[in-house]
Amino acid sequence: MQWNRAQEEALRNLKALTAQKVEGLQQRIVLRQTSLDVAAQAMREGHVAELSLEVNLEIKAMKATEQNLLKQRRSAAEASSAKVEDLIIVGNLVAALFLCIAGAAVRTEFKRRTALEQVAVKRGQELSASNKELEAFCYSVSHDLRAPLRGIDGFSQALLEDYGAQLDEQGWQYLERVRAGTQRMGALIDDLLNLSRLTRADLQREDVNLSSVATTVARDIGVAQADRKVEVN
């Protein structure tokens, strides 16, 4: 804004000099009309030449000032452009840094999830192997236990049928407990087999009467330990 005021001041000076030159020319015309000798004397005095010189000097000064202004504005524009370029470079560097950090975070998260998936797969394989081992164990145990249980149950039944008349009431109770125990053991073996097959079948949800289960357990304990007097609530 200061450079513009300077140019305006120079322009006002130029207008004043131009007005003076025009006035001198008018005076020259008037003098020529009145007296050629006076006009020649005025030309010799060099008033008009001085005005022309001043006008030319003022115009040259204005051009020089304008060129300086253009140079300064060009320098300011170049400096601003350089700052913009620097900002663009810095912004690109920051963006590249953020991309690197984000990429590292993504790679770390991917590795972590891959490791977790591998652990899950490994545990799944271990669980599957454990289930197969449990199934094989349950099948083997049930198969190995059924034969002696059938023998115990069969011989106790034969004992009751063949020698029941020779047994007193307590002997009958003992044999009944033996047979009840073998039947209970057979039911447990069946439950083991069913448990081993759970991994190959869908779960079936159903309501369970816990009071009935507790009553059954208490009754079995009472039969096994008849000498104990226990009250169950």
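Before reading on, note that the structure itself is shown above.
Treat the numbers as computed from the prediction; the structure is a model and nothing was measured. (Residues numbered from 1 in each chain as written. Predicted model: local features only at pLDDT ≥ 70, side-chain atom pairs only at ≥ 80, totals over all residues. Heavy atoms only, no water.)

Caption draft 1: Summary view of the overall build of the chain. Scanning the chain from N- to C-terminus turns up five helices and zero strands. N-terminal to C-terminal, the α/β element order of the chain is α-α-α-α-α. Buried residues in the chain amount to 12% of all 233 residues. In the chain, once contacts between residues fewer than 6 apart in sequence are set aside, the share between residues at least 24 apart is 72%. Entry remark: accessible area of the chain is about 19,100 Å², with carbon and sulfur atoms responsible for 59%. (Helix = DSSP H or I, 4+ residues; strand = E, 2+ residues; numbered from the N terminus. Buried < 20%, exposed > 50% of the residue type's maximum accessible area, 1.4 Å probe, protein only. Contact = heavy atoms within 4.5 Å. Areas by Shrake-Rupley, 256 points an atom, 1.4 Å probe, with all protein chains shown as cover.)

Caption draft 2: Summary view of helix 5 (residues 210–224). Along its 15 residues, helix 5 runs 21 Å from first to last C-alpha, staying within 8% of the 21 Å computed at 1.5 Å per residue. Near the N-terminus of helix 5, the side chain that reaches the backbone nitrogen of S211, with its oxygen 3.1 Å away, is that of N209. (Expected span 1.5 Å × (residues − 1). Polar contact = N/O pair within 3.5 Å; in protein donor to acceptor, adjacent residues only side chain to side chain.)

Caption draft 3: Layout of the pattern of salt bridges. Throughout the structure, instances matching the rule amount to four salt bridges. Note that R112 is salt-bridged to E109, the shortest N-O span being 2.6 Å. Of this pair, R112 and E109 both sit in helix 3 (residues 47–163), three residues apart, which is roughly one turn of that helix. Assessed through its relative accessible area of 43%, R112 is described here as partly exposed. Exposure remark for E109: the relative accessible area of 29% places this residue in the partly exposed category. A salt bridge links R113 to E109; the nearest nitrogen and oxygen atoms lie 2.9 Å apart. Of this pair, R113 and E109 both sit in helix 3, four residues apart, which is roughly one turn of that helix. Overall, the relative accessible area of 52% leaves R113 in the exposed class. Each of E109, R112 and R113 takes part in salt bridges that share partners, so that together they form one network. (Salt bridge = Lys/Arg side-chain N within 4 Å of Asp/Glu carboxyl O.)

Caption draft 4: Structural context of a nonpolar patch on the surface. A cluster of nonpolar side chains, namely V90, V94, L97, F98 and I101, defines an oily patch on the protein surface of about 470 Å² accessible area. Looking at where L97 falls in the secondary structure, it is placed in helix 3. (Patch = residues over 30% accessible without salt bridge, like charges linked within 9 Å, V, L, I, M, F, W, Y side chains within 5 Å.)

Caption draft 5: Seen up close, the side chain of T182. Here T182 lies in helix 4 (residues 169–196). Engagement of the side chain of T182 in a polar contact is seen with the side chain of D153, the distance being 3.3 Å. At 2.7 Å, the side chain of T182 and the backbone oxygen of R179 are in polar contact. Beyond its immediate chain neighbours, meaning those up to four positions away, T182 contacts L149, I152 and D153.

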